[in-house]
Amino acid sequence: MTLDTTQLNRERVFFDTGQTLWLFGYGSLIWKAEFPFHERRPAHIEGWTRRFWQGSHDHRGTPEAPGRVATLVESSGACCQGMAYRIDADTLAPLDVREKNGYLRERVTLHFQDGSHAEGLIYLASADNAAYLGHAPLDQMARQIATAEGPSGTNRDYLLNLAAALEDLGAEDSHVFELAERVTRLP
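Note that residues are indexed from 1 along each chain, following the sequence as it is written. With the structure being a predicted model, the display of local features is reserved for residues of pLDDT at least 70 and the display and counting of side-chain atom pairs for 80 or more, all residues being used for whole-chain, interface and lining totals. Side-chain measures here rest on the full set of heavy atoms in the structure, leaving out hydrogens and waters.

Turning our attention to the side chain of Ser 28. Labels follow the DSSP assignment, with helices taken as runs of H or I lasting at least four residues and strands as runs of E lasting at least two, numbered in each case from the N terminus. Looking at where Ser 28 falls in the secondary structure, it is placed in helix H2 (residues 28–31). In this view, Ser 28 contacts Ala 33, Arg 98 and Tyr 158; residues no more than four positions away in its chain are not counted. Should any heavy atoms of two residues lie within 4.5 Å, those residues are considered in contact.

Before going further, it helps to spend a moment on the packing of helix H5 (residues 155–169) against helix H6 (residues 174–185). Here, axes are lines fitted to C-alpha atoms. For helices the fit covers the stretch in contact, and angles between N-to-C directions go from 0 to 180 degrees. Taken N-terminus to C-terminus, the directions of H5 and H6 make an angle of 130 degrees; their axes are 9 Å apart at the nearest point. Considered as vectors, H5 and H6 are oriented oblique to each other. For the element pair H5 and H6, the recorded crossing hand is left-handed. Here H5 contributes Arg 156, Leu 159, Leu 160, Leu 162, Ala 163, Leu 166 and Glu 167 to the contact with H6, which in turn contributes Val 176, Phe 177, Leu 179, Ala 180, Val 183 and Thr 184. Tallied by class, residues from the contact of H5 with H6 come to 10 nonpolar, 1 polar and 2 charged. Oblique is the label for any angle not covered by the other classes, which are roughly parallel (under 35 degrees), roughly antiparallel (over 145) and roughly perpendicular (65 to 115). Rotating anticlockwise by less than a right angle from the far helix to the near helix defines a left-handed crossing, while the corresponding clockwise rotation defines a right-handed one. Think of it as three bins: nonpolar holds Ala, Val, Leu, Ile, Met, Phe, Trp, Tyr, Cys and Pro, charged holds Asp, Glu, Lys and Arg, and polar takes everything else, Gly as well.

Bringing the nonpolar core into the picture now. Soluble globular proteins: nonpolar side chains tend toward being buried together. Here, the term nonpolar core denotes a set of buried Ala, Val, Leu, Ile, Met, Phe, Trp, Tyr and Cys residues that are joined through side-chain atoms within 4.5 Å. Each residue gets one of three labels from its accessible area relative to the maximum for its type: buried under 20%, exposed over 50%, partly exposed in between, using a 1.4 Å probe on protein chains only. Judged by nonpolar contacts, the single largest core of 50 residues is most densely connected at Ile 45 and Phe 52. The element that contributes the greatest number of residues to this core is strand S3 (residues 67–88), accounting for 8 residues.

Attention now goes to the pairing of S3. Each pair of strands is called paired provided DSSP finds at least two bridges between the two strands. In this structure, strand S1 (residues 20–25) lies alongside S3, joined through 6 bridges in antiparallel fashion. The residue of S3 that forms the bridge with Leu 21 is Ile 87. Of the pairings in the sheet, the one linking strand S2 (residues 39–56) to S3 comprises 15 bridges and is antiparallel in character. Across the sheet, residue Arg 50 finds its bridge partner in S3, namely Leu 72.

One pair of aromatic rings is described through two measures. These are the centre distance and the angle between the planes. Aromatic pairs are defined between Phe, Tyr and Trp rings, using the six-membered ring for Trp, whenever the two ring centres lie within 6.5 Å; interplanar angles under 30 degrees are classed as stacked, those over 60 as edge-to-face, and all others as tilted. In this structure the tally under the stated criterion is 6 aromatic pairs. Ring centres of Trp 31 and Tyr 158 lie 6.2 Å apart, and the angle between their planes is 70 degrees; on these two criteria the pair is classed as edge-to-face. Highlighted residues: Trp 31 in helix H2 and Tyr 158 in helix H5, separated in sequence by 127 residues. Between the aromatic rings of Phe 35 and Tyr 85, the centroid separation amounts to 5.1 Å while the plane-to-plane angle is 75 degrees, which identifies the pairing as edge-to-face. A residue pair is termed long-range when its members are at least 10 positions apart, and Phe 35 in the loop between H2 and S2 and Tyr 85 in strand S3 qualify at 50 residues. For Phe 35, a relative accessible area of 9% translates into the label buried.

Moving on, we come to the packing of helix H4 (residues 138–147) against H6. It is the contact of H4 with H6, at a shortest axis distance of 9 Å, that shows an interaxial angle of 65 degrees. Both H4 and H6 take part in a crossing whose hand is right-handed. Taking contact as the criterion, the partners of Leu 138, Asp 139, Met 141, Ala 142, Ile 145 and Ala 146 in H4 are, on H6, His 175, Glu 178, Leu 179, Arg 182 and Val 183. Counted by class, the contact of H4 with H6 contains 7 nonpolar, 1 polar and 3 charged residues.

Any carboxyl oxygen of Asp or Glu within 4 Å of a side-chain nitrogen of Lys or Arg constitutes a salt bridge here. Here the structure, examined in full by the defined rule, presents 8 salt bridges. Salt-bridge contacts for Glu 39 lead to Arg 41; the nearest nitrogen and oxygen are separated by 3.9 Å. Salt bridges linked by common partners bring Glu 39, Arg 41, Arg 86 and Asp 114 together as one network.

Turning next to the sheet that holds strand S4 (residues 104–112). Reading around the circumference, S1-S3-S2-S4-S5 is the order of the 5 strands in this closed barrel, with mixed pairing throughout. Between one strand axis and the next, the sheet turns by 45 degrees as a mean value, whatever way the strands run. Across the sheet, H5 lies against S2 and S3, angled at about 80 degrees from S3, the strand it touches most.

The element S1 is extensively covered by neighbouring structure, given that 5 of its 6 residues are classed as buried. The pairing of S1 with strand S5 (residues 117–124) spans 2 bridges and is parallel. Note on S5: the bridge partner recorded for Leu 23 is Leu 121.

Okay, the environment of Leu 169 next. Position of Leu 169 relative to the elements: it lies in helix H5. Classification of Leu 169 by relative accessible area gives partly exposed; the value is 22%. Sequence-wise, Leu 169 and Leu 72 are 97 residues apart; in three dimensions their C-alpha atoms are separated by 18 Å. Beyond its immediate chain neighbours, meaning those up to four positions away, Leu 169 contacts Ile 30, Pro 42, Gly 82 and Met 83.

Any functional reading would require information that these geometric values do not contain.
Laid out in structure tokens, this is it:
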């Protein structure tokens, strides 16, 4: 059921080798940046909204019981807040492995709090990847998240850590906050 996108991402080169670039994190990359970076800045991207529609068979679930993790869905007028990291291009190699379960590198414009902007990259899991789960009722998603666990830990912790990181940023994200509230009410 998994789709290893590692090699596809290594072919998606939108930058010169040796340069630094911006990477935008909107899920675990906000609170779990286990990679070297030169700079870290709150940022947002426009026209995208965060949704727990991507399956996690390799980190927060298993092939038999996948978890649900964040991806982005195009949405006119939407604003997705997250964290931008200025990284060396070679830092993408281990990130390609981390994000291998259906995520592809895509270019986006990042907007910073000081009004400046820059081109950057996101890892996007679109509806055409093998691990995509898509929309489901919030209660159903909450039950799945509350019970899923994989090699990187519980899916519950992923969601609650993301909600806390977004609160720390002062971000608005009703989808994440409503899911977190429902998950915390479950046994």
